[in-house]
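Fold and geometry: a report
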Amino acid sequence: MEPTTASEVYLPFRKGLPPLRGYWRTLWKRRAFIAEYSRSELREQHYDSVFGQIWLILNPLLLSAVYFILIVIIGGHSDKLRYGHLTACLFLFYLVSNSLSAGVKSVTAGQRLILNTAFPRIMLPISATVVAIFRFLPTLVIFAILRSILGLPISFQIFWAIPIVIITVLFALGLAISISCINVYFRDIANFLPYFTRTLLYLSPILWEASDIKPQLRTVELFNPVFSILDSWSRVVVHAQAPQLSSMLISLAWAISIFFIGTYFFLSREREFAVRV
Amino acid sequence: MSNSLHTSGDIAVSVQHLGLTYTTTIDRRPTLKSRVKTLGRGTKHTRTVRALDDVMLDVNYGSVLGVVGANGAGKSSLMRVISGILPPTQGRVEVFGKVSTLLALGVGFSPSLSGRANVHLGGLAAGMTRDEIADHFDEIADFADLGEAIDAPMRTYSSGMYARLAFSVAVTVRPDILIVDEALSTGDAKFKEKSLEKIKELRSDARALILVSHALGTIRDICNEVAWLDKGRLVQRGNPTDVVDAYSQFLQVGKSAAIDEDI
Ligand SMILES: Nc1ncnc2c1ncn2[C@@H]1O[C@H](COP(=O)(O)OP(=O)(O)O)[C@@H](O)[C@H]1O
Ligand SMILES: [Mg+2]
């Protein structure tokens with residue numbers, strides 16, 4: 001009997017991208033996996049229990065209180081606007097840093113699955129980012145309550161928050177994809193990561209405001225990928241003003257670049273992961 | 001779920017001149033630190049392991065292929081290439097149908113999750129829909145017969161329980177091509193009997209089965225054909241009795257050589 005065409009043909013691995021349309025189709029078919037995997041991950045972090053939720057909110061709130069006291073002590077501005085800015089920016093920063101810290105080991109920890117199942121590996125860092133998003137959502141509610149207690153200004157400009165969050169998610173996803181791939185080749189990246197995020201935190205307009213910065217130091221703006229995002233975020237959700245167009249464009253450029261560069265490396269390398277993990 | 005569209009005798013898997021090389025780092029874990037330390041010294045960071053070398057093999061629907069060989073012979077590697085987990089380094093593999101490896105589904109995906117959650121996640125990762133999994137779940141749980149343990153975290157499972165659950169998933173989803181890699185040997189006698197029954201049933205359904213096992217008796221009993229791998233090469237393939245005899249003889253020889261060395 002003449003065999004029909006093969007349903008799968010496996011040929012030697014070549015560097016470069018896999019056929020993208022087919023990749024996307026298998027990925028889309030497995031979107032339920034991403035939902036289910038993130039959910040079980042959240043359940044493990046007690047996301048669905050009352051105490052888990054309280055901790056999730058309390059942790060960044062306590063942190064922002066501590067930083068606020070610090071600011072008062074070293075003699076910076078210490079009004080309610082500053083407290084609002086600090087809290088809002090810290091929450092958004094946590095979205096990025098949680099995505100990074102959950103993403104870094106997502107591929108290497110999925111070793112058993114990778115060795116035993118054929119699936120698009122990028123599902124693993126995507127799930128890590130979904131977890132970070134779910135951890136971010138309750139803090140948004142807290143901030144909304146906080147800003148009405150503080151009596152911060154309100155205007156329609158607040159709706160700019162939506163594109164800013166979308167850009168941040170794209171950026172966080174790009175970072176998770178990149179770092180999970182890098183960690184396959186350099187396993188100690190996970191150990192450096194806390195120092196890296198801590199440094200990024202101090203060099204970003206969170207404990208200080210973008211307008212405080214000395215003109216000679218404005219170059220950090222160019223090299224810090226979260227600078228423009230946080231500056232826009234603070235203008236929008238704290239001051240209820242429109243963001244600067246240039247900041248929005250810079251943020252978008254960063255997010256898109258990191259996302260595409262990270263995804264390119266991930267996709268062109270992922271078929272090799274099984275022999276590396 | 002596909003109910004086999006294939007006829008006995010159709011080709012299911014064709015492996016042509018397959019070679020596979022693993023690249024591993026010399027250090028236990030590749031790190032940035034070690035890379036920086038050896039920067040400019042021209043040290044080699046990787047070592048290659050030739051796991052498969054010019055393997056030619058095909059499997060037909062309606063038949064059971066047994067694969068035997070010593071530890072490290074490359075059996076699992078061959079199964080990983082056939083199921084599309086590892087890309088070959090040389091050669092070509094064609095698969096005509098849907099493969100399910102026993103390794104593939106629901107096995108120890110996450111040790112802290114229950115057996116039930118692992119079956120769900122493993123099924124979703126392998127591309128099944130929620131409904132498909134729900135339809136099969138009772139049958140899987142029934143066959144695995146783990147009782148309450150199905151809802152206990154998988155880290156509390158014994159290796160036998162692991163294997164039972166994995167085997168149940170693999171056979172219940174009715175793949176066209178089923179690969180069972182060394183999982184029959186860990187179950188107890190009763191389960192082993194049950195799984196052999198199941199394998200015979202699947203064989204009569206005109207599916208293709210690949211069975212990796214060290215239980216030579218079983219291999220001789222249920223396979224139509226046996227392939228013997230050694231150090232990544234296909235040593236012999238053919239009639240089960242012949243190949244199993246040759247392989248046992250090889251093992252005897254190896255044993256006495258080892259005994260000689262001890263003296
Ligand atoms: N992930 C891996 N990385 C590097 N080498 C591996 C890996 N898996 C297997 N090998 C090597 O490949 C060879 C074949 O292994 P394997 O296919 O697991 O053999 P078997 O299943 O027959 O015992 C062995 O030499 C083993 O050390
Ligand atoms: Mg093996």
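Residues numbered from 1 in each chain as written. Chains lettered and ligands numbered in written order. Predicted model: local features only at pLDDT ≥ 70, side-chain atom pairs only at ≥ 80, totals over all residues. Heavy atoms only, no water.

Under the Sequence similarities (unreviewed entry) heading, UniProt states for chain B: "Belongs to the ABC transporter superfamily." (UniProt positions renumbered as here; feature names shortened; annotations may be inferred.)

Of chain A, the UniProt comment under Subcellular location (unreviewed entry) reads exactly: "Cell inner membrane".

**Brief notes about the packing of aromatic side chains**
Residues and elements named next belong to chain B. A complete count under the given rule lists 16 aromatic pairs over all chains for this structure. Aromatic side chains Phe167 and Phe191 sit 6.1 Å apart centroid to centroid with 80° between the ring planes, which places their arrangement in the edge-to-face category. Of this pair, Phe167 sits in helix H5 (residues 159-172) while Phe191 sits in helix H6 (residues 189-204), and the two are 24 residues apart along the sequence. One exposure class covers both Phe167 and Phe191, and it is buried. (Phe/Tyr/Trp six-rings, centres within 6.5 Å; stacked < 30°, edge-to-face > 60°. Helix = DSSP H or I, 4+ residues; strand = E, 2+ residues; numbered from the N terminus. Buried < 20%, exposed > 50% of the residue type's maximum accessible area, 1.4 Å probe, protein only.)

**Some points on a nonpolar patch on the surface**
Nonpolar side chains collect at one region of the surface, where Val50, Phe51, Ile54, Trp55, Leu58 and Leu62 of chain A lie side by side and expose about 670 Å² of accessible area between them. Residue placement: Ile54 of chain A occurs in helix H3 (residues 50-73). (Patch = residues over 30% accessible without salt bridge, like charges linked within 9 Å, V, L, I, M, F, W, Y side chains within 5 Å. Areas by Shrake-Rupley, 256 points an atom, 1.4 Å probe, with all protein chains shown as cover. Salt bridge = Lys/Arg side-chain N within 4 Å of Asp/Glu carboxyl O.)

**Observations concerning the UniProt feature "transmembrane region" (unreviewed entry) in chain A**
All names here are of chain A. Within this structure's numbering, the places UniProt gives as "transmembrane region" (unreviewed entry) are residues 54-76, 83-102, 122-146, 158-186 and 248-267. Here residues 83-102 is 100% helix and 0% strand, with 28 Å between the C-alpha atoms at its ends. End-to-end, the C-alpha atoms of residues 122-146 are 37 Å apart, and along that stretch the chain is 96% helix and 0% strand.

**Let's talk about the environment of Ser257 of chain A**
Residue and element names in this part refer to chain A. Assignment of secondary structure puts Ser257 in helix H12 (residues 245-273). The spacing of Ser257 and Ser78 is 179 residues in sequence and 36 Å in space, taken between C-alpha atoms. Here the side chain of Ser257 touches Ala253 through a polar contact of 2.4 Å, landing on its backbone oxygen. (Polar contact = N/O pair within 3.5 Å; in protein donor to acceptor, adjacent residues only side chain to side chain.)

**A short note on the packing of helix H7 (residues 123-150) of chain A against helix H8 (residues 161-185) of chain A**
All names here are of chain A. For the pair H7 and H8, the least separation of the axes is 9 Å and the interaxial angle reads 140°. In this view, H7 runs oblique relative to H8, as classed from their interaxial angle. Of the two elements, H7 crosses H8, and the hand of that crossing is right-handed. Contacts between H7 and H8 pair Pro125, Ile126, Thr129, Ile133 and Phe136 from the former with Val165, Val169, Ala172, Leu173, Ala176, Ile177 and Ser180 from the latter. Residue composition of the contact of H7 with H8, grouped by class: ten nonpolar, two polar and no charged. (Axes fitted to C-alpha atoms, helices over the stretch in contact; angles between N-to-C directions. Parallel < 35°, antiparallel > 145°, perpendicular 65-115°, else oblique. Left-handed = near helix turned anticlockwise from the far one by under 90°. Contact = heavy atoms within 4.5 Å. Nonpolar A, V, L, I, M, F, W, Y, C, P; charged D, E, K, R; others polar.)

**A short note on helix H11 (residues 227-238) of chain A**
Residues and elements named next belong to chain A. For H11, built from twelve residues, the straight-helix expectation of 16 Å at 1.5 Å per residue is met to within 8% by its first-to-last C-alpha distance of 16 Å. Of all twelve residues that make up H11, eleven are buried, and the element is covered over most of its length. Burial in H11 covers these residues: Phe227, Ser228, Ile229, Leu230, Asp231, Ser232, Trp233, Ser234, Val236, Val237 and Val238. Considering only its buried residues, H11 is in contact with helix H4 (80-104), H7, H8, helix H10 (220-223) and H12. A positive phi of about 55° marks Ala240, the residue just after H11. (Expected span 1.5 Å × (residues − 1).)

**Quick word on the packing of H8 of chain A against helix H9 (residues 189-202) of chain A**
Residue and element names in this part refer to chain A. Here H8 crosses H9 at 140°, and the two axes come no closer than 10 Å. Taken together, the axes of H8 and H9 are oblique relative to one another. Residue-level inspection shows Ile179, Ile182 and Asn183 of H8 in contact with H9, the latter providing Ile189, Ala190 and Leu193. The class makeup of the residues in the contact of H8 with H9 is five nonpolar, one polar and no charged.

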